[in-house]
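# Per-entry structural report
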Amino acid sequence: MEKKIMLTGDRPTGKLHIGHYFGSLKNRVKMQNEVDECYILVADVQALTDNFNNPEKVRKNVREVVIDYLSVGIDPEKATIYLQSMIPEVAELTVFYSNLVTIARLERNPTVKTEIAQKKEIFGESVTYGFLGYPVSQAADITAFDATIVPVGEDQLPLIEQCREIVRKFNSIYGEILREPEAYLSQTKRIKGLDGNEKMGKSLGNAIYLSDSEEEITSKVMSAVTDPNRIRKDDKGNPEVCMVAYYHNLFSSKDEYETACKECKEGCRGCVACKKQLAKNISEYLRPIREKRKYYEEHPELVDEILIKGTEKAREKAKNVMLKVKEAMKLDYFKE
Ligand code: TRP
Ligand code: SF4
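Residues numbered from 1 in each chain as written. Chains lettered and ligands numbered in written order. Predicted model: local features only at pLDDT ≥ 70, side-chain atom pairs only at ≥ 80, totals over all residues. Heavy atoms only, no water.

Counting across every chain of the model gives one cavity of 30 Å³ or more. There is about 120 Å³ of room inside the largest cavity. Taken together, 16 residues make up the lining of the largest cavity; nearest its centre are Arg-230, Cys-242, Cys-264, Cys-271 and Cys-274. Secondary structure elements with two or more residues in the lining of the largest cavity: α12 (243-251), α13 (254-266) and α14 (271-298). Taken together, the residues of the lining of the largest cavity sort by class into nine nonpolar, three polar and four charged. (1 Å grid on protein atoms, 1.4 Å probe; cavity = no way out; pocket = protein on both sides within 12 Å on 5 of 7 lines; lining within 4 Å. Points joined across faces, edges and corners; volume = space filled by probe spheres on them. Helix = DSSP H or I, 4+ residues; strand = E, 2+ residues; numbered from the N terminus. Nonpolar A, V, L, I, M, F, W, Y, C, P; charged D, E, K, R; others polar.)

Before going further, it helps to examine the packing of aromatic side chains. Across all of its chains, the model carries 15 aromatic pairs by this definition. Arranged with centres 4.8 Å apart and planes meeting at 55°, the rings of Phe-170 and Tyr-174 form a pair that is tilted. On the criterion of helical spacing, the pair formed by Phe-170 and Tyr-174 is a turn pair, its members being four residues apart in helix α10 (residues 157-174). Given a relative accessible area of 1%, Phe-170 falls into the buried group. When its relative accessible area of 27% is taken as the criterion, Tyr-174 is described as partly exposed. (Phe/Tyr/Trp six-rings, centres within 6.5 Å; stacked < 30°, edge-to-face > 60°. Buried < 20%, exposed > 50% of the residue type's maximum accessible area, 1.4 Å probe, protein only.)

Domains assigned within the chain are domain 1 (5-192 + 300-328) and domain 2 (212-294). Once you take the C-alpha centre of each, domain 1 and domain 2 turn out to be 35 Å apart. When domain 1 packs against domain 2, close to 1,100 Å² is buried across both sides, 61% of that on carbon and sulfur atoms. If you sort the residues of domain 1 by the area they bury against domain 2, Ile-18, Ser-71 and Lys-192 come out on top, with a joint share of 43%. Summed over the shared surface of domain 1 and domain 2, the result is two salt bridges. The closest approach of N and O atoms between Arg-293 and Asp-68, which form a salt bridge, is 2.8 Å. Linking domain 1 with domain 2 are six residue pairs in polar contact (both at pLDDT 80 or more). Looking at the side of domain 1 that touches domain 2, the elements with two or more residues in it are α1 (18-31) and α3 (55-72). Examining the composition of the side of domain 1 that touches domain 2, we find that six residues originate from one element, α3, more than from any other. (Domains from an automatic or database assignment. Buried area = accessible area lost by both parts, 1.4 Å probe. Salt bridge = Lys/Arg side-chain N within 4 Å of Asp/Glu carboxyl O. Polar contact = N/O pair within 3.5 Å; in protein donor to acceptor, adjacent residues only side chain to side chain.)

What follows is the structure, given as structure tokens:
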């Protein structure tokens, strides 16, 4: 049977939040047990495509992201966590693949299009070659490991599609060397921000981080958006439009959630008490993650060791794939 090789990762541009937890991390923790090989990359080179002017930010967040991975339960014995910039084969593949993609096709990529529109403050009217081409480098990330399964969010689907196109083109010219990966849309869901925004993110200021202290969690929950029509405590409320109720559903027991909704609708629950209960539950929920996080923060040498080992292992794998690619492309000079 064909080996199941999973590969996915994140750009290290900030600490990870509960949106990442429900949207991808939880799923990775589960999947690491279900595949034959599992690679999780810290995409520092990709992070530079839209942070080229801020290398400190990327560098600083590499360790944060690895600590987040370890704290949620990604097990370095099962998953190989590695640094993208230390796999030169990926950069080489990116150059080779760049001949197989047209500029027009990249400009049509919906993920790239959306991001360019969001990043006007970085690019102005003219987008860099590197950013426009990052789908090519992402195709290299995936194929350098012979990955078959790529768990991603919906917004990343066009990148996987573009990778599949590159693979088909490569194989039609140089022979059947590369494998077409499948995108895997996890069953876990995207969660809204504290302000009700569909997306949770640092720039929106509506996220709870895995690293947040109990005090930070409480103060953020206190500022969450509630039913705007509810002014006095005995006004009848609508939990469906309240972010506090939305989060009770994720972090509180079923019983607590149902009671909150019922009392809110009847007008016999104060929003402040409701929020305090939620803050306590989120805090409890994240406690084990926070504690593991603290442990790794105090032992940076352990984190480095995991990243170095993972990167060494990843490099061996990518080297093997590269040998096949170079042979197929008639670039295997000077072999004895
Ligand atoms: N594009 C992904 C993100 O922005 C990160 C990433 C880089 C990735 N290379 C990848 C994801 C390869 C899956 C597979 O989060
Ligand atoms: Fe929201 Fe709770 Fe206030 Fe109802 S009582 S509006 S659920 S915070």
